[in-house]
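An overview of the molecular structure
Listed below, chain by chain, are the residues.
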Amino acid sequence: MTKRKLSLIIIAAVLGAILIAVSVCAIIANSKNDKSQPVEQLASWQSMIKDDVLLKDVVIAGAHDAGTKGISYLAATQDRDIADLLKCGTRYLDLRVAYSKQKLLIYHGPFKGMSLESVIDDVKQFLVDNTSENIILDFQHFEENDTEAQNETIKLVDEQLKEMLVINLTDKSDVEFVDSLTMGDVRGKCLIVWGRTNDDIISKNYVFQRNNDDGSRTNSVLHSFYFSKYNKKSSANYIKDGLSHYLGLYKEPQYGQGLRILQGQLTDGMFVFGPHFREATHTDNMNEYLDGLKTSPDLAYINIVIRDFITPSKNCYALQLNLAKNTVKTDKVATFEKMIADTLGK
């Protein structure tokens, strides 16, 4: 056999192995592809939450990197648009904004997707149609023309959502104010959370500063721990090591005030397999973990649970915890239980 033939055989074998690996990844990724439509009650599930329950004690379903539908497979973490996410019961949106070619666009990594204006339009319309609900908009990252992105984003928020914003008109600090918010206080409104230390924007009485990934920023109304070394692990190891670490931090006194996010998604550390594949290996394990919180002392520290590729059932694995936390109105418990059962098939 000549060296040329041997080289061709080796190349063919490598290409064949890559093709098989890609095919296996695609099969696994598609195995959890859930396009089911939400039951009607999910669009107004917060109407069944007691008015006097603190917002930080309600279990809220959130979308990691919302607005990334339609971008590259390597960066998309959602496959539903904003209107659909909200109908599925999502009430927290992680929004990352770039100001590119005079437009505000949602981005993840180097890829850009839908316009922020379309996101805001969907949020506004949803709240017009569902006045019992509250939506948390978390602008935690800005990229490409950072200053312009921030200024144009807050301008859009002010213009489009002005009558729907949670505003601190009290003598309380922002931390004390958000810590005291009840479900009744925020119905039909958006809570705007900001991820940059921009004094001009943070000084606005409807903008509230969030913490950074390692929790070292003071005077923050929202905490969201993220250490990539944990989220890059396998699903089982992330749940065992990462989630336990994050919850351990939330038990420390300095994080006792404000809202808390539990990161429920994995990270594609090699930027090869893509979020869809990673989530497919994680969905069942994360659902089981959330199910187990119903009887866990850790339930007291669960507030906002964010995930990739939101579906009605993923949201309901989080929302069902409101029954265990006794945040559901007594006369709505049966309806809430049925909503969960109809979605999860229990």
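Below or above, wherever it landed, is the structure these notes cover.

A short note on the packing of aromatic side chains
A complete count under the given rule lists nine aromatic pairs for this structure. Where Phe142 meets Trp194, the ring centres are 5.0 Å apart and the plane angle is 35°; that geometry is what we call tilted. One end of the pair, Phe142, is in strand 5 (residues 134-143); the other, Trp194, is in strand 6 (residues 189-194), and 52 residues separate them in sequence. Given a relative accessible area of 3%, Phe142 falls into the buried group. Residue Trp194 is classed as buried on the basis of its relative accessible area of 0%. Aromatic pair Phe225 and Tyr255: ring centres 4.8 Å apart, planes at 90°, arrangement edge-to-face.

Regarding the nonpolar core
Trp45, Tyr289, Ile304 and Phe336 are the most contacted members of the largest nonpolar core, which has 57 residues in total. No other element matches the seven residues that helix 9 (residues 235-250) contributes to this core. Not counting residues within four places of it along the chain, the set of residues in contact with Trp45 comprises Val58, Val59, Ile60, Gly89, Arg91, Glu133, Leu319, Asn322, Phe336 and Met339. Core analysis: the next-biggest nonpolar cluster, separate from the first, contains 39 residues, Leu86, Ile135, Phe142 and Ile310 among them.

Examining helix 3 (residues 116-129)
Taking 1.5 Å per residue, 14 residues should reach 20 Å; helix 3 reaches 20 Å between its end C-alpha atoms and fits that length. Those residues of helix 3 not exposed but buried are Leu116, Val119, Ile120, Val123, Phe126 and Leu127. Taken around the axis of helix 3, the buried residues stretch over an arc of 130°, which confines them to a single face.

Considering the pattern of salt bridges
All told, the structure shown has 16 salt bridges when counted by the stated rule. Salt bridges sharing partners connect three or more residues here, namely Asp65, Asp94 and Arg96.

Remarks on the pairing of strand 1 (residues 60-63)
Burial along strand 1 is two-sided: Ile60 and Gly62 and Ala61 and Ala63, pointing in opposite directions, are all buried. Of the strand pairs in this sheet, strand 1 and strand 10 (residues 304-307) are connected by four bridges, and their pairing is parallel. Looking at strand 10, one finds that Ile60 is bridged to Ile304. With two bridges connecting them, strand 1 and strand 2 (residues 92-100) associate as parallel partners. What sits directly across from Gly62, in strand 2, is Tyr92.

Here we look at unusual backbone geometry
Positive phi, normally seen in glycine, also occurs at Gln102, with a value near 65°. Relative to the helices and strands, Gln102 resides in the loop between strand 2 and strand 3 (103-108). With relative accessibility at 64%, the residue Gln102 sits in the exposed group. Not every positive phi belongs to a glycine, and Asn326 is a case in point at roughly 60°. In this structure, Asn326 sits in the loop between helix 13 (321-324) and helix 14 (333-344). Look at Asn326 and you get exposed, because its relative accessible area is 52%.

Description of the packing of helix 3 against helix 4 (residues 146-161)
Across the interface, helix 3 lies against helix 4 with an axial gap of 11 Å and an inter-helix angle of 30°. With respect to each other, helix 3 and helix 4 are oriented roughly parallel. The handedness of the crossing between helix 3 and helix 4 is right-handed. The residues of helix 4 that touch helix 3, namely those facing Leu116, Glu117, Ile120, Asp121 and Lys124, are Thr153, Leu156, Gln160 and Leu161. Considered class by class, the residues forming the contact of helix 3 with helix 4 number four nonpolar, two polar and three charged.

Here's the deal with the packing of helix 9 against helix 11 (residues 283-292)
For the pair helix 9 and helix 11, the least separation of the axes is 10 Å and the interaxial angle reads 40°. Classified by the angle between their axes, helix 9 and helix 11 sit oblique to one another. Taken as a pair, helix 9 and helix 11 cross one another with a handedness that is right-handed. Only Asn285, Met286 and Tyr289 of helix 11 make contact with helix 9, whose side of the interface consists of Ser235, Ala236, Ile239, Leu243 and Leu247.

Details of the environment of Ala98
The residue Ala98 is located in strand 2 in this model. Residues Ala98 and Asn145 lie 47 residues apart in sequence; the distance between their C-alpha atoms is 7.0 Å.

Thoughts on the environment of Arg91
Topologically, Arg91 is positioned in the loop between helix 2 (82-87) and strand 2. Sequence-wise, Arg91 and Ala43 are 48 residues apart; in three dimensions their C-alpha atoms are separated by 9.8 Å. At 2.9 Å, the side chain of Arg91 and the backbone oxygen of Ala43 are in polar contact. A distance of 3.0 Å separates a polar atom in the side chain of Arg91 from a polar atom in the side chain of Glu133.

Definitions and cut-offs
Counting of residues starts from 1 at the beginning of each chain's written sequence and follows it residue by residue. Only residues with pLDDT of at least 70 get local features here, since the model is predicted, and only at 80 or more are side-chain atom pairs given and counted; chain-wide, interface and lining totals rely on the full set of residues. Working from all heavy atoms in the structure, the side-chain values ignore hydrogens and water. Classification of ring pairs uses Phe, Tyr and Trp, with its six-membered ring standing for Trp, and accepts pairs whose centres are within 6.5 Å; under 30 degrees between planes counts as stacked, over 60 as edge-to-face, and the remaining range as tilted. For helices the rule is a DSSP run of H or I covering at least 4 residues; for strands it is a run of E covering at least 2, with both sets numbered from the N terminus onward. Buried residues are those whose accessible area, probed at 1.4 Å on protein chains only, stays under 20% of the maximum for their type, while exposed residues exceed 50% and partly exposed ones sit between those limits. Side-chain atoms within 4.5 Å link the members of a nonpolar core, which is a set of buried Ala, Val, Leu, Ile, Met, Phe, Trp, Tyr and Cys residues. The criterion used for residue contact is that any of the two residues' heavy atoms lie within 4.5 Å. For a helix, the expected span equals 1.5 Å multiplied by the number of residues minus one. Throughout, the arc means that of the directions going from the helix axis to the C-beta atoms. Just to be clear on terms, a salt bridge is a Lys or Arg side-chain nitrogen sitting within 4 Å of an Asp or Glu carboxyl oxygen. A strand pair is defined by DSSP finding two or more bridges across the two strands. Note on geometry: axes are C-alpha line fits, over the in-contact stretch for helices, and angles between N-to-C directions span 0 to 180 degrees. Each angle gets one of four labels, with under 35 degrees taken as roughly parallel, over 145 as roughly antiparallel, 65 to 115 as roughly perpendicular, and the rest as oblique. Note on convention: near helix rotated counterclockwise from far helix by under a right angle means a left-handed crossing. Clockwise means right-handed. The classification used treats Ala, Val, Leu, Ile, Met, Phe, Trp, Tyr, Cys and Pro as nonpolar, Asp, Glu, Lys and Arg as charged, and all other residues, Gly among them, as polar. In protein, a polar contact requires one atom able to donate a hydrogen and another able to accept it; more generally it is a pair of N or O atoms within 3.5 Å, and residues adjacent in sequence count only if both atoms are side-chain atoms.

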